Amino acid sequence: MKHVTKVDGRRQPFDRGRVQRTLRNMGVGAEEAERIAHEIEESVPDGVKTRTVLRMIRARAKAVRPAVSHRTNLRRALGLLRSKPDFEEFVRVLLREHGYRVETGCILAGLCGEHEVDAIAEKDGTTLFVEVKHHASHHRVTGLDEGRIARAIVEDLQEGFRSGRCTVSIDGALIVCNTKLSAHAKRYATCRGIGHIGWDYPEEQNLRAMIEETQSYPVTIVTGVGRSVSARLGAAGFVTAKQIAYGDAAAIARDAGIPLKEVLLIAGRARAILEP
């Protein structure tokens, strides 16, 4: 069995299925993804670095789907967004894509104090306050503190509702972050009934899966869209590649203060990423 070496030096078995999923997420067909994953596994030495495998995946993917050259790494793209307001708005857009009714600009009165929350999300009769946590480096881990704070806020808001101070009945909290969660954070959230959406947690409905399922990629997924351009787009309310790909280019250029020619270039690359 071959192994790969992660950034932190840990070794783990080479996961061909994971390579296939990465290729599929880049738009490579199932048969091609299976073939390429097998070829990569056969050609790499034992202990190969994960970043080397990623470079190989990207190179092979570009050979069969040229649009891959217009796309950067999703985790890196999420890190390029500004924490506020861009990533917060991105999370709100993503939740709407998954059927939540989302309200913004919310200040809720608890029994003991007022709480400014990033959003209120309602789905299937359950109302949650949303706390968004963003790290510029995707290697950071989101820890326990966010969960403990969320638990305290839930209790205060629920007591505030029973006392008549809070006009919204909050059922729980949902913490959304762009990085992995510490084991302690997962245990505490499970024990206290706090919802968590992290990069790869929970297994089924994690951030990566939610983005891929609805193709709700951040605008920074498009090559050439760095922090400066994404900040201008974000300030004008454009945080996803779909908004640029299928929006009114002239209006986007005007609202974001970006030359129309540049917006058209970004839109073309975004469509190439989104469309088969």
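Residues numbered from 1 in each chain as written. Predicted model: local features only at pLDDT ≥ 70, side-chain atom pairs only at ≥ 80, totals over all residues. Heavy atoms only, no water.

An unreviewed UniProt entry annotates the protein as Restriction endonuclease originating from Methanoculleus methanifontis.

**Some remarks on the overall build of the protein**
For the protein, the helix and strand inventory stands at 12 helices and 12 strands. Rg of the C-alpha trace for the protein: 21 Å, near the compact-globule value of 19 Å for 276 residues, within the 12% margin. Overall size of the protein, expressed as C-alpha extent along the three principal axes, is 65 × 50 × 30 Å. Here the protein holds 276 residues, and 46% of them are scored as buried. Within the protein, counting contacts between residues at least 6 apart in sequence, those at least 24 apart form 60% of the total. Looking at the protein as shown, the accessible area adds up to about 13800 Å², and 49% of this sits on carbon and sulfur atoms. The average position of the 43 basic charges and that of the 35 acidic charges among the side chains of the protein differ by 7 Å. (Helix = DSSP H or I, 4+ residues; strand = E, 2+ residues; numbered from the N terminus. Rg over C-alpha atoms; globule rule 2.2 N^0.38 Å. Buried < 20%, exposed > 50% of the residue type's maximum accessible area, 1.4 Å probe, protein only. Contact = heavy atoms within 4.5 Å. Areas by Shrake-Rupley, 256 points an atom, 1.4 Å probe, with all protein chains shown as cover. Lys, Arg positive; Asp, Glu negative; His and termini not counted. Charge placed at Lys NZ, Arg CZ, Asp CG, Glu CD.)

**A few points about the environment of Leu265**
Following the sequence through the fold, Leu265 ends up in helix 12 (residues 260-274). A sequence separation of 58 residues divides Leu265 from Leu207, and the C-alpha atoms of the two residues are 27 Å apart.

**Here's the deal with the packing of aromatic side chains**
Evaluation of the coordinates by the stated rule reveals 1 aromatic pair. Ring centres 6.1 Å apart and planes at 20° place the aromatic pair Phe87 and Phe90 in the stacked group. Of this pair, Phe87 and Phe90 both sit in helix 5 (residues 83-97), 3 residues apart, which is roughly one turn of that helix. Look at Phe87 and you get buried, because its relative accessible area is 0%. Classification of Phe90 by relative accessible area gives buried; the value is 1%. (Phe/Tyr/Trp six-rings, centres within 6.5 Å; stacked < 30°, edge-to-face > 60°.)

**Re helix 2 (residues 30-43)**
For helix 2, which comprises 14 residues, the first-to-last C-alpha distance of 20 Å matches the rise-based estimate of 20 Å (1.5 Å per residue) to within 8%. Here helix 2 has its buried residues at Ala33, Ile36, Ala37, Ile40 and Glu41. One side of helix 2 carries all its buried residues, which in axial view fall inside an arc of 135°. Those residues of helix 2 that are exposed and angled more than 90 degrees off the buried face are Glu31 and Glu42. On its buried side, helix 2 packs onto helix 1 (16-25) and helix 3 (50-64). (Expected span 1.5 Å × (residues − 1). Arc of directions from axis to C-beta.)

**Here's the deal with the pairing of strand 6 (residues 114-117)**
Within a regular strand, side chains alternate between the sheet's two faces. Of the two faces of strand 6, only the one carrying His115 and Val117 is buried; Glu114 and Glu116 on the other face are not. With 4 bridges connecting them, strand 5 (residues 106-109) and strand 6 associate as antiparallel partners. Its bridge partner lying in strand 6, Leu108 is registered against His115. Counting the residues that bridge the hairpin from strand 5 to strand 6 gives 4 residues. (Pairing = 2+ DSSP bridges.)

**As for the sheet that holds strand 12 (residues 195-197)**
Taking strand neighbours across the sheet as the criterion, the 5 strands line up as 4-7-8-10-12 in an open arrangement whose pairing is mixed. The two strands at the open ends of the sheet, each matched to only one other strand, are strand 4 (101-103) and strand 12. Recorded for the sheet is a direction-independent mean angle of 25° between the axes of neighbouring strands. Bridging between strand 10 (residues 172-177) and strand 12 involves 3 bridges; their strand directions are parallel. Following the sheet pairing, Leu174 is matched in strand 12 by Gly195. (Axes fitted to C-alpha atoms, helices over the stretch in contact; angles between N-to-C directions.)

**Considerations on helix 6 (residues 145-163)**
Because the α-helix completes a turn every 3.6 residues, residues three or four places apart line up on one side. Taking 1.5 Å per residue as the helical rise, helix 6 with its 19 residues ought to reach 27 Å, and the 27 Å between its terminal C-alpha atoms agrees with that figure. Every buried residue belonging to helix 6 is among Glu146, Gly147, Ala150, Ile153, Val154, Asp156, Leu157 and Gly160, and all of these are buried. Next to the buried residues of helix 6 lie strand 5, strand 6, strand 8 (126-133), strand 9 (141-142), strand 10 and helix 7 (183-192). Phi turns positive, to about 90°, at Gly164, one or two residues after helix 6.

**Details of the UniProt feature "domain: ATP-cone" (unreviewed entry) in the protein**
The positions that UniProt labels "domain: ATP-cone" (unreviewed entry) are, in the present scheme, residues 2-89. Counting secondary structure, residues 2-89 comes out at 60% helix and 9% strand; the distance between its end C-alpha atoms is 41 Å. (UniProt positions renumbered as here; feature names shortened; annotations may be inferred.)

**Topic: the pairing of strand 8**
In terms of strand pairing, strand 7 (residues 119-123) meets strand 8 through 5 bridges, oriented antiparallel. Within strand 8, the position partnered with Ile120 by the bridge is Phe129. Across 6 bridges, strand 8 lies against strand 10 in parallel orientation. Each residue of the ladder has a partner; that of Leu128, found in strand 10, is Gly172.

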